[in-house]
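The chain contents come next:
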Amino acid sequence: MRWMMTIWRNLFHKHAVDKILDEELRSCRQLLEDEKIAAGADAETARREAALELGAIEVIKEQVRDVRRGALLEGFWTELRQSIRALRRNPGMAAMCILMLALGIGASTTIFSVFEAVLLRPLPFRNADRLVELAEARLDRGIDEMNFSEANFWDLHDRTKSFESVAAYLHSETNLTGDGEPEKVSIAQVTVGFFRTLGVNPILGRNFSTKEGDARVAILGNKLWKARYGADANILGKVLHLTDGSYTVVGVLPRGEPWIDDEVYLPYPYHGNSDRQDHSFAVVGRLAKSVTTEAARTELRRLAALMQAANPKEDKGLGFNLFPSRRWIAPKETRTALRILLAAVGLLVLIACGNVANLLLARGLARQREIAVRSALGAARARLVRFVMLESLLLSVFGAVLGLVLAAVCVHGIRALEIPGIPRLDEVTLNPWVLCFTFGVTLFTGLLCGLEIGR
């Protein structure tokens, strides 16, 4: 509290503090004069010798002010006002610098917001690092990845010990009628443990129960619930009229991608005599506690050998592959493209910094004279460096503010797009992580420009 009160007094009661300093310096000089007179000097000689011994009063005052609490803050505020005045004297140059920095920072912020939403944001599933995708392989034909046949899925489902659960997903389309214009909707038939395997719970209603394999019930995807039914909280119990019959709504899923971004979900029943030729089932699994990926692969190789021995014709060369859930976020090509795009806008920021530095150097002669005058008046080198850096940081801050406005406009447009291969575009926002990135870019551009013009 005492420290804060001292800073408050030094910053907002400067005249009173300076008056006390004047009185202290006068007392000190008077004491020196009295000592000289007591030693036998006359009054004029004592006054002259005391002034020489004490030194320049104004210099002492500046030295005291520099070490006061709050002096750094006061100096920063003074230099900030001087930098603002310098920019106001050259409004055209300042506007050009701000515009170039705004374009660079705005573009980098926009691309990073997409990068963060698509690649950095975690999947909307519980303990997503324990989730994997499973695929069949035909080792004799060099096929590393293909969908499961229904029979092989149920065999794996019943025999595996390495997975807490495995579930299958079958995608198709159907027509939805009633309550408005007919429309084609994406439909997913899932085994009853599908959402529990993913670690997703409906935001309204309930999940499919183990007894509902053949039941005429449905769970709505979040997008369809909002778009067609206006996020009606009373949707539970409503009847959906699909091409193959009517289904009662028992739940609504949260928003998110992948796997839970279809429009209608129906339970898929167990079939005793399943087909081994139709490979249409995508399969996901959740590793059991303390089971490693390698241990799961070992078990999958063992099960593949057993199933191949039991069905040598249909499962000839059978194998299983396991893939981590992080690849669900986006295809490899999309991840590579976004990284290249982020690097490209980073290069754009560097180009903007170079252009701004060149504009600031164009008035270098005036700056050199100004700095020379400041140096001659006793300004320390650190203060001169702060003066140069602060002007470029101000330009970066103004550019960042305008850049954020441009980024907000671009993000609003991106959210309305549906680009194949790039998921979660509707979730792109200027969230705190993106704002931290913008702050980092702003600081980087300000320091880079300042170093360039201060060389």
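Residues numbered from 1 in each chain as written. Predicted model: local features only at pLDDT ≥ 70, side-chain atom pairs only at ≥ 80, totals over all residues. Heavy atoms only, no water.

Brief notes about the overall build of the protein
Here's step 1: The number of helices and strands found in the protein is 14 helices and 12 strands.
Here's step 2: Relative to its 455 residues, the protein shows a buried fraction of 45%.
Here's step 3: Split by element, the accessible area of the protein, about 24,800 Å² in all, is 60% carbon and sulfur. (Helix = DSSP H or I, 4+ residues; strand = E, 2+ residues; numbered from the N terminus. Buried < 20%, exposed > 50% of the residue type's maximum accessible area, 1.4 Å probe, protein only. Areas by Shrake-Rupley, 256 points an atom, 1.4 Å probe, with all protein chains shown as cover.)

Here's the deal with the pairing of strand β12 (residues 318-324)
Here's step 1: Of all seven residues that make up β12, five are buried, and the element is covered over most of its length.
Here's step 2: Relative to β12, strand β1 (residues 131-138) runs antiparallel, the two sharing seven bridges. Bridge assignment links Val132 to a residue of β12, and that residue is Pro324. (Pairing = 2+ DSSP bridges.)

A few points about the confidence of the model for the protein
In low-pLDDT segments, the atomic positions of the prediction should not be examined closely.
Here's step 1: When pLDDT is averaged along the protein, the result is 84, and 85% of the positions lie at 70 or above.
Here's step 2: Within the protein, strand β7 (residues 217-220) carries the highest mean pLDDT (96), whereas helix α12 (residues 364-376) carries the lowest (64). (pLDDT = per-residue confidence, 0-100.)

Points about the packing of aromatic side chains
Here's step 1: This structure, assessed with the given rule, holds 14 aromatic pairs.
Here's step 2: For the pair Phe112 and Phe437, a centre-to-centre distance of 4.1 Å together with 10 degrees between the ring planes defines the contact as stacked. With Phe112 in helix α6 (residues 91-120) and Phe437 in helix α14 (residues 432-453), this residue pair connects regions lying 325 residues apart in the sequence.
Here's step 3: The class of Phe112 is buried, set by a relative accessible area of 13%.
Here's step 4: Pairing Phe194 with Phe195 gives two aromatic rings, centres 5.5 Å apart and planes at 80 degrees, and the pair type is edge-to-face. (Phe/Tyr/Trp six-rings, centres within 6.5 Å; stacked < 30°, edge-to-face > 60°.)

Focus: the nonpolar core
Here's step 1: Ranked by size, the top nonpolar core spans 41 residues in total, and within it Phe125, Phe194, Phe195, Leu198, Phe208, Trp259 and Tyr265 carry the most contacts.
Here's step 2: Those elements that provide at least two residues to this core are α6, β4 (163-177), β5 (183-190), α8 (194-198), β7, β11 (279-287), α11 (332-361) and α13 (381-415).
Here's step 3: With seven residues, the single largest contributor to this core is α6.
Here's step 4: Contact partners of Trp259, with chain neighbours within four places excluded, come to Phe125, Glu133, Tyr169, Phe194, Leu198, Tyr265, Ala282, Val284 and Trp328.
Here's step 5: The next biggest cluster of nonpolar side chains, apart from the first, holds 24 residues, and it includes Val132, Tyr268, Ala288 and Ala296. (Core = buried A, V, L, I, M, F, W, Y, C linked by side-chain atoms within 4.5 Å. Contact = heavy atoms within 4.5 Å.)

A closer look at the pattern of salt bridges
Here's step 1: Applying the stated criterion across every chain yields a total of 12 salt bridges.
Here's step 2: Of the charged contacts, one joins Arg276 and Asp155 as a salt bridge, the two residues approaching to 2.8 Å between their closest N and O atoms. You can see Arg276 sitting in the loop between β10 (264-267) and β11 and its partner Asp155 sitting in helix α7 (residues 150-159), a full 121 residues away along the chain.
Here's step 3: We note a salt bridge from Arg255 to Asp426, for which the minimum N-O separation is 3.2 Å. Linking Arg255 in the loop between β9 (245-252) and β10 with Asp426 in the loop between α13 and α14, this pair joins segments that are 171 residues apart in sequence.
Here's step 4: The exposure class assigned to Arg255 is partly exposed, which follows from its relative accessible area of 42%.
Here's step 5: What emerges from the salt-bridge pattern is a single network uniting Glu136, Arg138, Asp155, Arg276 and Asp315. (Salt bridge = Lys/Arg side-chain N within 4 Å of Asp/Glu carboxyl O.)

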